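# Coordinate inspection notes
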Amino acid sequence: MRAGTAPPAPEKVRRRSGGPRRARPADGGRRKREFTTRRGLTIAAFMAPAALFVAFFTYYPMVAGSQMAFRNWNLSDLTDTSFVGFGNFKAVFGDPLWGTVLSNTALWVVASIVPQLVIGFALALWLRRRFRFRGLYQALIFFPWAISGFLIGILFRWMFNSEFGVVNDLLMKASLMDEPVPWLADPKTAMVAIIVANIWYGVTFFAIMILAALQSIPDEVYEAAALDGAGKVRTLFQITIPYIRATLALTVLLRVIWIFNFPDIIFGTTGGGPNNETHIVTTWMITIMQQGDYGRASALGLLIVAGLLLFSVFYLTATKEKGVRR
């Protein structure tokens, strides 16, 4: 050290010699706010109005409606609302229409969900490609989802009209039939008509959900598959479907629940007819309620909730065991 030169400061000596430095916090020097009682009360105060609103307008009606299922609750005689136990459930199971309603519901769900999934998947694969006016095509395909289901039912009721419906007119001009078909007057063809309407309405939901999932797949994955010589079919089943399998499983579950609880199209087309042959459980429940038998309608509503809950549990368990969830 030269004469007359001041010795370096201790902090500088430590830094030059590689001494220990004070580690910076992982959050960039910002301290996390501690959760205090006052802060918790503030959060609870902001959440209280929404919680009270949901409790009053959602959970209270559910509880009040559930207790009707165990009482003789009929608008024709409100002087007797005595407790009847499982009498309303026995009345539902003993109704001659119960078997028809169950078979119609199963047909309604399965025959609607499979074409919706297949067509929606194909549309999503097509819309993922880049081409001219793709945004316009997306808007046209997604537009039906913004229309009321009841209005869709009325639209298809006019389309399937036996006298001046466009469906009979097109089929006759194409020489596929010789005379008009009374689509909504025959129970078998009426079920076909409402299922076709539901397929047209629900394809959009699958297209939206699957397209969003497809856009999350990196292009590098497809480029690597192309370099390995994988064809379109192999790429679809070994890359695309496994990559979005979780989204597909959740979308199918949501759509099954919604189709099961979707009476709008049926009321707009057949209203459950002819002769109550196109009723599903939800339309039948509404019809019973319109007749004033709130006890039996509430019992049927509890059966619907229990059935969907059991289905959801078994479905999620099965998809989890198969490795659907990542």
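Throughout what follows, the structure given in this document is the object of discussion.

Basis of the calculations
- Residues numbered from 1 in each chain as written.
- Predicted model: local features only at pLDDT ≥ 70, side-chain atom pairs only at ≥ 80, totals over all residues.
- Heavy atoms only, no water.
- Salt bridge = Lys/Arg side-chain N within 4 Å of Asp/Glu carboxyl O.
- Helix = DSSP H or I, 4+ residues; strand = E, 2+ residues; numbered from the N terminus.
- Buried < 20%, exposed > 50% of the residue type's maximum accessible area, 1.4 Å probe, protein only.
- Core = buried A, V, L, I, M, F, W, Y, C linked by side-chain atoms within 4.5 Å.
- Contact = heavy atoms within 4.5 Å.
- Arc of directions from axis to C-beta.
- Axes fitted to C-alpha atoms, helices over the stretch in contact; angles between N-to-C directions.
- Parallel < 35°, antiparallel > 145°, perpendicular 65-115°, else oblique.
- Left-handed = near helix turned anticlockwise from the far one by under 90°.
- Polar contact = N/O pair within 3.5 Å; in protein donor to acceptor, adjacent residues only side chain to side chain.
- Patch = residues over 30% accessible without salt bridge, like charges linked within 9 Å, V, L, I, M, F, W, Y side chains within 5 Å.
- Areas by Shrake-Rupley, 256 points an atom, 1.4 Å probe, with all protein chains shown as cover.
- Nonpolar A, V, L, I, M, F, W, Y, C, P; charged D, E, K, R; others polar.

### With respect to the pattern of salt bridges
Where charged atoms of side chains with opposite charge meet at close range, the side chains can pair. The tally for this structure, following the rule as stated, stands at four salt bridges. Here R128 makes a salt bridge to D219, at a shortest N to O gap of 3.3 Å. Of the two residues, R128 is situated in helix α4 (residues 98–128) and D219 in helix α9 (residues 219–227); the sequence distance between them amounts to 91 residues. Residue classification places R128 among the partly exposed residues on the basis of a relative accessible area of 22%. If you follow the salt bridges from partner to partner, you end up with D95, D293 and R296 in one network.

### A short note on the nonpolar core
Counting 53 residues, the largest nonpolar core has W108, I210, I244, I265, W284 and L300 as its most contacted members. Where this core is concerned, the elements lending two or more residues are α3 (87–94), α4, α6 (149–159), α8 (187–214), α11 (245–260), α12 (264–269), α13 (281–290) and α14 (294–321). A total of 13 residues in this core trace back to one element, the largest contributor, which is α8. With near-sequence residues (within four places) excluded, W284 lies in contact with V92, D95, L97, W98, V101, H279, R296 and L300.

### Some thoughts on α3
Of the positions making up α3, those classed as buried are N88, F89 and V92. Viewed end-on, α3 has its buried residues packed into an arc of 100°, placing them on one side of the element. Within α3, the exposed residues directed more than 90 degrees away from the buried face are K90 and G94.

### Remarks on the packing of α8 against α11
How two helices pack is summed up by the angle between their axes together with the distance between the axes. Across the interface, α8 lies against α11 with an axial gap of 10 Å and an inter-helix angle of 155°. By the criterion of interaxial angle, the relationship of α8 to α11 is roughly antiparallel. Taken as a pair, α8 and α11 cross one another with a handedness that is right-handed. When α8 is examined against α11, the residues N198, Y201, G202, F205, F206, M209, I210 and A213 are found in contact with a partner set consisting of T247, L248, T251, V252, R255, W258 and I259.

### Details of α13
Turning to α13, its buried residues are V281, T282, T283, W284, T287 and I288. Of the residues one or two after α13, G292 is the one with positive phi, at around 100°.

### Examining the side chain of S312
For S312, the location among the structural elements is in helix α14. Separated by 2.8 Å, the side chain of S312 and the backbone oxygen of L308 make a polar contact. When near neighbours in sequence (up to four residues on either side) are disregarded, S312 contacts L253 and I257.

### As for a nonpolar patch on the surface
A surface patch of nonpolar side chains, about 680 Å² in accessible area, is lined by F53, V54, F56, F57, Y59 and M62. Mapped onto the fold, Y59 is located in helix α2 (residues 37–68).

### Observations concerning the environment of G153
One can find G153 in helix α6. With 110 residues separating them in the primary sequence, G153 and P263 have C-alpha atoms 9.8 Å apart. In contact with G153, other than residues within four places in its own chain, are I265, G268 and T269.

### Observations regarding the environment of L140
Mapped onto the fold, L140 is located in helix α5 (residues 134–142). Residue classification places L140 among the exposed residues on the basis of a relative accessible area of 54%. Sequence-wise, L140 and T204 are 64 residues apart; in three dimensions their C-alpha atoms are separated by 9.8 Å.

### So, the packing of α4 against α11
At a closest axis distance of 10 Å, the pairing of α4 and α11 adopts a crossing angle of 140°. The orientation of α4 with respect to α11, classified from their angle, is oblique. Crossing angle aside, the handedness with which α4 passes α11 is right-handed. Contacts from T105, W108, V109, S112, I113, Q116, L117 and F121 of α4 reach α11 at L248, V252, R255, V256, I259 and F260. Residues belonging to the contact of α4 with α11 are distributed by class as follows: 10 nonpolar, three polar and one charged.

### So, unusual backbone geometry
Across the junction of G273 and P274, the peptide omega takes the value 0°, indicating a cis bond. Along the polypeptide, P274 turns up in the loop between α12 and α13. For N275, which is not glycine, the phi torsion reads 55° and is therefore positive. Topologically, N275 is positioned in the loop between α12 and α13. What makes N275 exposed here is its relative accessible area of 65%. Although it is not a glycine, N276 sits at a positive phi angle of roughly 60°. Mapping N276 onto the fold places it in the loop between α12 and α13.

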